[in-house]
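Coordinate inspection notes
In case you want the letters, here they are:
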Amino acid sequence: MSCGPATGHDRPLPRGWRATLGDEGFRLFFALGALYAALFPLLWVVAWGLSLPLAQEVPPGLWHAHEMLIGAFGAALIGFVTTAAPEWTDTAPPRGRPLWALAGLWGLGRLVGLPGWEAAGLLGALADLGWMLALIAWLVALSLRRRTDRLVAFIFWLALLAATTATARLGFATGDLARATLGLHLAGFAFLGLLGLALSRITAPITNLVLDPTERTSPFRPHPGRLHLAPGLVLLAMAGEALGVSAAVSAWLLIAAGAAFMDRVGEAFIGREAARTEILMLAGSSALAGLGLMLAGAARLGAPWPDVTGLHIAFMGGLGLGVYAVYCIAGCLHTGQPLGLSRPARLGACALVAAVLLRVAPDFGINLPLPTMALAATAWGGGFLLWLAAYWPALSRITPPVARPGSAEAAPPPTAAAPYPAAAE
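Residues numbered from 1 in each chain as written. Predicted model: local features only at pLDDT ≥ 70, side-chain atom pairs only at ≥ 80, totals over all residues. Heavy atoms only, no water.

Side note on the environment of leucine 158
Along the chain, the position of leucine 158 falls in helix α6 (residues 152–174). On the basis of relative accessible area, leucine 158 is assigned to the buried category, the value being 0%. As a C-alpha pair, leucine 158 and alanine 187 span 29 residues in sequence and 10.0 Å in three-dimensional space. Filtering out sequence-adjacent residues up to four positions away, leucine 158 remains in contact with Leu77, Leu135, Ile136 and Leu139. (Helix = DSSP H or I, 4+ residues; strand = E, 2+ residues; numbered from the N terminus. Buried < 20%, exposed > 50% of the residue type's maximum accessible area, 1.4 Å probe, protein only. Contact = heavy atoms within 4.5 Å.)

Focus on the packing of aromatic side chains
Under the definition given, this model contains 17 aromatic pairs. Ring geometry for tryptophan 387 and tyrosine 391: centres 5.2 Å apart, planes at 20°, overall stacked. One end of the pair is tryptophan 387 and the other is tyrosine 391, both in helix α13 (residues 372–395) and 4 residues apart, which spans about a single turn. By the burial criterion, tryptophan 387 is buried, and tyrosine 391 matches it. Each residue in the set Phe26, Phe30, Tyr324, Tyr327, Trp380, Phe384, Trp387 and Tyr391 is aromatic and connected to the rest through ring pairs, giving one cluster. Sitting over the face of the ring of tryptophan 88, arginine 201 holds its NZ or CZ atom 4.4 Å from the ring centroid. (Phe/Tyr/Trp six-rings, centres within 6.5 Å; stacked < 30°, edge-to-face > 60°. Lys NZ or Arg CZ within 6 Å of the ring centre and 35° of its normal.)

So, the confidence of the model for the protein
For the protein, per-residue confidence averages 89 on the pLDDT scale, and 90% of positions sit at 70 or higher. pLDDT under 50 marks residues 401–425. Its contacts with residues more than four places away, or in other chains, come to 55 contacts. (pLDDT = per-residue confidence, 0-100.)

Description of a nonpolar patch on the surface
Together, Phe364, Ile366, Leu368, Leu370 and Leu375 line one region of the surface with nonpolar side chains, adding up to about 410 Å² of accessible area. The residue leucine 375 is located in helix α13 in this model. Residue leucine 375 is classed as partly exposed on the basis of its relative accessible area, which comes to 33%. (Patch = residues over 30% accessible without salt bridge, like charges linked within 9 Å, V, L, I, M, F, W, Y side chains within 5 Å. Areas by Shrake-Rupley, 256 points an atom, 1.4 Å probe, with all protein chains shown as cover. Salt bridge = Lys/Arg side-chain N within 4 Å of Asp/Glu carboxyl O.)

Some words on helix α4 (residues 97–113)
Given a rise of 1.5 Å per residue, 17 residues ought to cover 24 Å, and the 24 Å separating the end C-alpha atoms of α4 matches this to within 8%. All buried positions along α4 are accounted for by Leu99, Leu102, Ala103, Trp106, Gly109, Arg110, Val112 and Gly113. Among the structural elements, α2 (25–47), α3 (60–89), α5 (121–146) and α6 are those in contact with the buried residues of α4. (Expected span 1.5 Å × (residues − 1).)

Structure, rendered in structure tokens:
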């Protein structure tokens, strides 16, 4: 996301927390996404013992994967797109009723998915596909109105996400568990493609802001060839999965996509500022996504762990930490606060990484004398709840942005190169 202070403060500020949450997409959907990401695993693992009260034909594990991807990460995606796309096109963001309508569709899908309510499966599928198609239609209309191609990549990946979600839900409805599993795997890959796009937009401006808080210079300029390498290779891996290529071919496609994400980690080598939590989270998201894809590929080549272990690291770790990083960065800069994470936010990031390690430890023969699944769910939920507790005061009220050193409010415009380099294009 192109980061900066929240815009639109020349208009009257909304009154009440409901109006404030509906003022921009990130306020409403980041809060919903964090809450759902925290509570659903705790209910599924701790309260319901890896079961769901209304699930019958569809295994609870498939519902769990669906709800984490389409539910928790889906809310993050809505908040990201409805906040970032207007910035990239210099248009007003959707506010009020359109956002609450999207929240209603998203929430209807969660009412079905949370308990695994198969009898209302069609309703839940239509609700989830509804918000995806609404986002696509809005982005297309925005692109045509502004005559820009900056949103085309996101439109493409959102369309893939909708298609793969429909495939999974068709598998749910017909009892074709192989189709459902394939659809969910492809939906996870679609989210990884979106993650790669988001990181290419976020990393450069945030790294430059860390290196030069005055924003007078752009000391960091990423290699243009890295911008879409990871999403492109993820797309090839998706094609291999969909076409049913051999295990060896799909393995190497996954390893190649993982290597592309690992290549992005090199962008974090910026000197001592690499120890900044924002940089560590962005690099860690790429590292976990890349590691997970490579481990999944290695499993298909005969490594002694299931390929789902690698997918857990890529989806739970890469996507989870990436979403958390966006929550933290946007939660600061888009609420008028300077860049920098509080101690609870940093602890939350550590909790997410610990949750990933606990979740996959048994797959590598590390059997702790502890209830690892329950601990993993607790650490994961605790991480997102820490974020929500730390950022709720800023999300639920709007204050004028604080001018950063060297910003337009504090100093004359810089004469150096544009502060947001080509990576933000």
